[in-house]
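Take a look at the letters that make up each chain.
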Amino acid sequence: MMPLSREFKELVVARAENDPEFRRGLIVEAINMILDGEITAGRMMLRDYINATGAMDDICKKLKKQKPAISRMLGPSGNPTLESIVPVIKACAERENITPRVHVDQAA
């Protein structure tokens with residue numbers, strides 16, 4: 001995976017600061033990636049949301065976890081259990097006032 005440029009990271013942060021739909025989209029896309037089996041990409045998307053919104057301190061406090069533990073879990077070599085990643089997803093979603101739910105699309 002190619003590292004993101006500083007300009008791109010700054011663009012994501014600026015967009016996250018000003019666009020609630022973008023922030024919610026990051027969370028929804030992360031969840032969808034995880035459910036589609038793209039676990040690493042989904043974790044990285046959650047990490048992008050947390051970094052872009054400056055949510056790390058709030059999430060750590062809410063979950064009673066240390067920053068390094070959350071960072072490792074969401075990092076490229078992280079391997080979180082379902083029990084550890086679901087609270088992170090929930091905390092991110094609550095920050096944006098969304099309730100993730102699975103909807104089944106009927107095959108045509």
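A brief look at the structure comes next. This structure is a prediction, so every number in the text was calculated from the model and none was measured.

1. A few points about the overall build of the protein chain
Okay, step 1: Per the secondary structure count, the protein chain includes six helices and zero strands.
Okay, step 2: Each helix and strand of the protein chain, ordered N terminal to C terminal, gives the series α-α-α-α-α-α.
Okay, step 3: Taken over C-alpha atoms, the radius of gyration comes to 14 Å for the protein chain, in line with the 13 Å a tight globule of 108 residues would show.
Okay, step 4: Taken along the three principal axes of its C-alpha coordinates, the protein chain extends 45 × 30 × 30 Å.
Okay, step 5: With 108 residues in all, the protein chain has 35% of them scored as buried.
Okay, step 6: Total accessible area on the protein chain stands at roughly 7600 Å², and carbon and sulfur atoms take up 54% of it.
Okay, step 7: Here the protein chain carries 16 positive and 15 negative side-chain charges, and the mean point of each set is 8 Å from the other.

2. Overview of the nonpolar core
Okay, step 1: Counting residues in each nonpolar core, the largest one holds 28 residues, and the members touching the most others are Leu46, Ile50, Leu74 and Cys92.
Okay, step 2: Looking at which element gives the most residues to this core, the answer is helix H2 (residues 20-35), with seven residues.
Okay, step 3: Apart from the residues lying within four places of it in its own chain, the contact partners of Ile50 are Ala55, Met56, Ile59, Leu74, Val88 and Cys92.

3. Comments concerning the pattern of salt bridges
Okay, step 1: Enumeration according to the criterion identifies six salt bridges in this entry.
Okay, step 2: Here Arg24 and Glu21 are joined by a salt bridge, their closest N and O atoms 2.6 Å apart. You can see Arg24 and its partner Glu21 sitting in helix H2, three residues apart, about one turn around the helix.
Okay, step 3: Taking the relative accessible area as the measure of exposure, Arg24 reaches 23% and is therefore partly exposed.
Okay, step 4: Where Arg23 meets Glu96, a salt bridge forms, and the shortest distance between an N and an O atom there is 3.0 Å. Of this pair, Arg23 sits in helix H2 while Glu96 sits in the segment after helix H6 (82-95), and the two are 73 residues apart along the sequence. Each member of the pair, Arg23 as well as Glu96, carries the same accessibility label: buried.

Quick notes on the rules
Residues numbered from 1 in each chain as written. Predicted model: local features only at pLDDT ≥ 70, side-chain atom pairs only at ≥ 80, totals over all residues. Heavy atoms only, no water. Helix = DSSP H or I, 4+ residues; strand = E, 2+ residues; numbered from the N terminus. Rg over C-alpha atoms; globule rule 2.2 N^0.38 Å. Buried < 20%, exposed > 50% of the residue type's maximum accessible area, 1.4 Å probe, protein only. Areas by Shrake-Rupley, 256 points an atom, 1.4 Å probe, with all protein chains shown as cover. Lys, Arg positive; Asp, Glu negative; His and termini not counted. Charge placed at Lys NZ, Arg CZ, Asp CG, Glu CD. Core = buried A, V, L, I, M, F, W, Y, C linked by side-chain atoms within 4.5 Å. Contact = heavy atoms within 4.5 Å. Salt bridge = Lys/Arg side-chain N within 4 Å of Asp/Glu carboxyl O.

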